Amino acid sequence: MWQTDWAEANPVAGRPGVRSELPASEIESVYLLSWAEHCVECAVPACYQTCPLYVARRDRKCARFENGIVPNSQYPGLFRYGAEIRFRRWGKLEAQLGFGTVTPAVIKAIDRLDRAALKWLRPLSSGLRWLSPYYRLNGGYAVGREKLLRRITNKRVEDFDEFVMEVWNLEDRNVRLVIEAVQDRPRFRESVVLRPGRTLHRIPAESINIDLHGVAGFIRVFPDQDATAHLVFSWLDLVRYTRRSDAMGARESFNSSQTAAQADQEKIKCVIWDLDNTVWDGILAEQEAEMVRPRPNVLEVVRQLDERGILQSIASKNDHEHAWGALKRLGVADLFLYPAINWQPKSVNIRGIIADLNIGADACAFIDDSPFERAEVESQVAGIRTYSDVEVSSLLQRPEFDVPLTEEARRRRSSYVAETERKREHAAYVGDYENFLKSCEMRAEVFVPSSREHKERCLELLNRSNQLNLTTRRYSWETLVDLLDDPSVLSVCTACHDRFGDYGIVGFASLRTSGEKLVLEDFVLSCRVARKKLENAWFDWLRDRARSAGFIRVEAPFIPTTRNGVLREALLEAGLVESSRDRGESLFSLNCLQDAANDHVVAVLDRVADAFPFVARGVTIDAAS
């Protein structure tokens, strides 16, 4: 439910005909949550006199939202309206626990009665304001309503499937929203980046780690970093689906329809751990290193993350020698890359780790028991997601840690270890960078993916890679399989190895024909091979293969993002020309009649020739030509 008692504005014009991605007909029951406005720095009533952000509501309490919670019928969800909120700084939504389970029909009926009561209560309350602004009939009604709802629901509680948030961001910028659950102590914390438009975010109910039969607590939602935001919530509920299979079906449907930006945001690529009171109990400096005991389940979580191909590192204020010795005794030291164990601010160390790994901060998670350290990192490392030590046991069940389990994932850490060796040898190499690359003896192989493992790796690359990604278009498993089975499309993988080791499959591309030209619709490379001349060699291969089939040029529509500027430079260096720009999209062209300029830093083995399905102008070209 929504406390619309203090709504004081008309809703903004929405999008007529908008439907929720989660129909209420799929829901068997919900937990009654009554969402109201609160303040993240609340210290009433003293703050009414001292806080510079205080703005009087009609009842003289602080207006944490500009216009209260405004029903907006353009964004239906559980109810026939969405809750439109303009968050002021420090404003938060909060719902107390301690109610019970109701069906959608019951909660809708309660909501209709509540809104009908408010229609006559508001004018009556306003009529008394001339006597005193402190005659707050609305406030008294709110207290009575809460007591009645607790009695009606009688704390009947069921097992729930998910906490569902469907929200529309009406800003023209991203908004990071924090979700927290507290019950005698912090139980859950997660942040979600809301792109402009709709976001449907799901959290497994067990991950929230609250006991609905237990002591009092609350769930709260607020913009990160004290930001303002203009949002409309269609769903913000703990739900139980009509059938358990519906939860999975709904989730798969959601995954297949995610936008590129949402899919990018979901997945974690690296977890950075604190040590004291996070990986192990107590503070290392206050005990013998031999007596260190790991926290429950932590080592298993570390090993499972490694198995999934999620990289891990350490940012800890400790003596490096003693801490590393303790990790060796626990048998997990080899699982951490670029550990930063020193006395610098953790944000400084984490920025260094991210730079060494060459990934985005928004793909990283930092786990620390200290709210101070988490806040310090959040304030200095934009986009990073932070988790408390109490959330470790639920990490593996969270959607952002649910990544494809492939052979490439299993050996990802060893690939980074090999990359460290490359960097070390490069630093000691006497000569220029290109000669060093030649000394690495890199070999690439281009082939059509056939096995399920190949296809799963293609999906992983498309949905995880950002810097060397032509469009950042994301795929579900079903849409990728359709693409691979399409006879009018050529989809190819690129694998790579050098004298230091095997990179595995590092690239995916898809091509369609359009008259006298080929169109490169997808092109993505792992950042592990960035700036190693593989791009140059790959486009030289493509030019030769297209020219042999009679094509004059290859066109590559490029959709720029904040992350893929590296690819733009790589395309220009590989000989493509940026021919036009329109509405934020660029068109790159590769002249197939121009001789390749690559000096063979990377050798390419072509295993596509016999499978190349395209011929320009209807002329059949011998595959061997």
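Here, every reference points to the structure presented above.
Report follows, based on the coordinates.

Calculation rules
- Position numbers for residues start from 1 in each chain and track the written sequence from start to end.
- Residues qualify for local features only when their pLDDT is at least 70, as the model is predicted, and side-chain atom pairs are given and counted only at 80 or more; totals for whole chains, interfaces and linings, by contrast, use all residues.
- Each side-chain value is worked out from all heavy atoms of the structure, with water and hydrogens disregarded.
- Relative accessibility under 20% of the residue-type maximum defines a buried residue, over 50% an exposed one, and the middle range a partly exposed one, all with a 1.4 Å probe and only protein chains included.
- The way it works is that DSSP assigns letters per residue, a run of H or I at least four long becomes a helix, a run of E at least two long becomes a strand, and they are numbered from the N terminus.
- By construction, the arc corresponds to the directions joining the helix axis to the C-beta atoms.
- When DSSP finds two or more bridges between two strands, those strands count as paired.
- Fitting a line to C-alpha atoms yields each axis, with helices limited to the stretch in contact; the angle taken between N-to-C directions then spans 0 to 180 degrees.
- Note on contacts: a residue pair qualifies if any of its non-hydrogen atoms lie within 4.5 Å across the two residues.
- Counted as a polar contact is a pair of N or O atoms within 3.5 Å, where, for protein atoms, one must be capable of donating a hydrogen and the other of accepting one, and residues adjacent in sequence contribute only when both atoms are in side chains.
- Put simply, two rings from Phe, Tyr or Trp (the six-membered ring, in Trp's case) pair if the centres are within 6.5 Å, and we call them stacked under 30 degrees between planes, edge-to-face over 60, tilted for the rest.

Our focus in this paragraph is helix α7 (residues 298–307). Side chains that are three or four residues apart share a direction in an α-helix, a result of its 3.6 residues per turn. Along α7, the residues that are buried comprise Val 298, Leu 299, Val 301, Val 302, Leu 305 and Asp 306. Down the axis, α7 shows its buried residues gathered within 160° of arc, on one side only. After α7 finishes, the residue Gly 309 shows a positive phi value of roughly 85°.

What follows concerns the sheet that holds strand β15 (residues 340–342). What the five strands build is an open sheet, ordered β15-β14-β13-β16-β17; its pairing is parallel. Edge positions in the open sheet fall to β15 and β17 (385–387), since each of these has one partner strand only. Taken over all neighbouring pairs, the strand axes of this sheet differ in orientation by 20° on average, direction set aside. Pairing of strand β13 (residues 270–273) with strand β14 (residues 311–317), which is carried by four bridges, proceeds in the parallel orientation. The residue bridging Cys 270 from the neighbouring strand is Leu 311, located in β14. On top of the sheet, helix α9 (residues 346–357) reaches β13, β14, β15 and β16 (364–367); it is set at about 155° to β14, its chief contact.

The subject of this paragraph is the side chain of Asn 466. By secondary structure assignment, the location of Asn 466 is in the loop between α14 (452–464) and α15 (477–485). Separated by 2.7 Å, the side chains of Asn 466 and Arg 474 make a polar contact.

Spatial strand order, β2-β5-β11-β8-β9: five strands in an open sheet with antiparallel pairing. Each of the sheet's edge strands pairs with one partner strand only, and the pair in question is β2 (36–39) and β9 (186–194). Across this sheet, the average inter-strand angle for adjacent strands is 25°, counted without regard to direction. In the sheet, strand β5 (residues 91–96) pairs with strand β11 (residues 218–223) via four bridges, with the strands oriented antiparallel. Bridge assignment links Ala 95 to a residue of β11, and that residue is Ile 219.

Looking now at the packing of aromatic side chains. By the definition in use, this model includes twelve aromatic pairs. For the ring pair Phe 523 and Trp 538, a centre distance of 4.8 Å and an interplane angle of 50° mean the geometry is tilted. Separated by 15 residues along the polypeptide, Phe 523 in strand β21 (residues 517–525) and Trp 538 in helix α16 (residues 534–548) bring together distant segments of the chain. The residues Phe 523 and Trp 538 share a single accessibility class, namely buried. An aromatic cluster is built from Phe 523, Trp 538, Phe 539 and Trp 541, whose rings are joined through pairwise contacts.

If you trace the backbone, Met 1 turns up in the segment before β1 (27–31). In this structure Met 1 comes out as buried when scored by relative accessible area, which is 2%. The spacing of Met 1 and Trp 235 is 234 residues in sequence and 10.0 Å in space, taken between C-alpha atoms. Setting aside anything within four residues of it in sequence, one finds Met 1 in contact with Leu 33, Ser 34, Trp 35, Phe 79, Ile 107, Ile 110, Asp 111, Asp 114 and Leu 149.

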